[in-house]
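What the coordinates show
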Amino acid sequence: MEKYILETKDMGISFGGLKAAQNVNLRIKKNQIYGLIGPNGAGKTTVFNLLTGVYKPTTGTFYLDGEELKGLSQEKINQKGIARTFQNIRLFNNMTVVRNVMVGLHNNPKFKCTVLESFFRLPGHFRCEKEMRAKAKELLRIFGLEDERNNLACNLPYGKQRKLEIARALATEPKLLLLDEPAAGMNPHETEDLIQTIKLIRDRFDMTILLIEHDMKFVSGLCDEITVLNFGTVLTEGKTKDALSNREVIRAYIGG
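No experiment lies behind these values; they were computed from the predicted model shown.

It is worth spelling out a nonpolar patch on the surface at this point. A cluster of nonpolar side chains, contributed by I250, Y253 and I254, occupies part of the molecular surface with about 290 Å² of accessible area. Residue position: Y253 is located in helix α10 (residues 247-254).

Structure below.
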């Protein structure tokens, strides 16, 4: 029996009488770059919110590396190994680049010091701070952002802000990285650079990636397999090329 890093079983949620997502069954293998696509309002971000604990499923459940995570808090799910970025970049704009990554490290058990150590500025606090800064710089170096580390996040160009958000998510050392429309608002050069960055993340960090995206060229160039949602339900799933040529998928996107 094949083991999946992420498996959802009939997962769904209703808001009153509205079924925002229903019977969502994803099976994603380790090291895959997997796409979740569909028209606006199809339920894609709702699925991300279920997987990260923003919402709790009203039906079904989900597993990360065989462990059921339904019902856990956002913080716990992150500690178990799921991290995400957002469609609208969410950085601490008035903090430096390196501090933004260090924020992600605060939820990493490797970089914990006691309240007393922090309050009284004991040696343990400074040791932890030094280790976190070193780790943050290491991540920034991978993304070509080390020279920007002391600049404010708000002063970075758009493409670098997106990379910074991904670096912050990776600071928690996830098993599964969720990217919500990572190429939104990017020019062709930035998009191509992002494709190479995502492949680098998969290979260098032994990472599994699930992404939402509307740019079908981007999806085709990256994703091994995809699931297509429409009106909160799965329309089709499988190899990217086959799924994108499915008549029902084409009809969902262009009508008719």
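Okay, the pattern of salt bridges next. Within this structure, the stated rule accounts for 15 salt bridges. A salt bridge links D65 to K175; the nearest nitrogen and oxygen atoms lie 3.3 Å apart. One end of the pair, D65, is in the loop between β5 (59-64) and β6 (67-68); the other, K175, is in the loop between α6 (158-170) and β8 (176-180), and 110 residues separate them in sequence. A relative accessible area of 36% means that K175 is categorised as partly exposed. The partner of K160 in a salt bridge is E148, and the shortest N-O contact between them spans 2.8 Å. With K160 in helix α6 and E148 in the loop between α5 (123-142) and α6, the pair connects residues that are twelve residues apart, well separated along the chain. Note on K160: relative accessible area 30%, which makes it partly exposed. One salt-bridge network, in which partners are shared between bridges, spans K3, D65 and K175.

It is worth spelling out the nonpolar core at this point. The biggest cluster of nonpolar side chains holds 45 residues, and the ones touching the most others in it are L164, L177 and I209. A per-element tally of this core places α5 first, with six residues. Counting residues in hydrophobic clusters, the runner-up holds 26 residues, among them I5, A20, I28 and I82.

The subject of this paragraph is the side chain of E148. A relative accessible area of 17% places E148 in the buried class. Within polar-contact distance, the side chain of E148 engages the side chain of N151 at 2.7 Å.

Let us look at the pairing of β8. Burial of β8 is extensive: five of the five residues sit out of reach of the surface. Along β8, one buried face is formed by L176, L178 and D180 and the opposite face, lined by L177 and L179, is buried too. Across three bridges, the pairing between strand β7 (residues 82-84) and β8 is parallel. Residue pairing across strands places I82 opposite L176, the latter belonging to β8. As paired strands, β8 and strand β9 (residues 208-212) are joined by five bridges and run parallel to one another. Paired with L176 across the strands is T208, a residue of β9. Crossover connection from β8 via helix α7 (residues 188-204) to parallel β9: handedness right-handed.

Under the criterion given, the structure shown has one aromatic pair. Geometrically, the ring pair formed by F15 and Y55 is edge-to-face, given 5.2 Å between the ring centres and 75° between the ring planes. Placement of F15 in strand β1 (residues 6-15) and of Y55 in the loop between α1 (44-51) and β5 is noted, with a sequence separation of 40 residues between them. Taking relative accessible area as the criterion, Y55 reaches 29% and is therefore assigned partly exposed. A cation sits over an aromatic face here: R90 above F86, 4.0 Å from the ring centre.

Rules used throughout
- Residues numbered from 1 in each chain as written.
- Predicted model: local features only at pLDDT ≥ 70, side-chain atom pairs only at ≥ 80, totals over all residues.
- Heavy atoms only, no water.
- Patch = residues over 30% accessible without salt bridge, like charges linked within 9 Å, V, L, I, M, F, W, Y side chains within 5 Å.
- Areas by Shrake-Rupley, 256 points an atom, 1.4 Å probe, with all protein chains shown as cover.
- Salt bridge = Lys/Arg side-chain N within 4 Å of Asp/Glu carboxyl O.
- Helix = DSSP H or I, 4+ residues; strand = E, 2+ residues; numbered from the N terminus.
- Buried < 20%, exposed > 50% of the residue type's maximum accessible area, 1.4 Å probe, protein only.
- Core = buried A, V, L, I, M, F, W, Y, C linked by side-chain atoms within 4.5 Å.
- Polar contact = N/O pair within 3.5 Å; in protein donor to acceptor, adjacent residues only side chain to side chain.
- Pairing = 2+ DSSP bridges.
- Right-handed = clockwise from strand over helix to strand, strands pointing away.
- Phe/Tyr/Trp six-rings, centres within 6.5 Å; stacked < 30°, edge-to-face > 60°.
- Lys NZ or Arg CZ within 6 Å of the ring centre and 35° of its normal.

Honestly, that's just the spatial picture; any functional story needs more than this.
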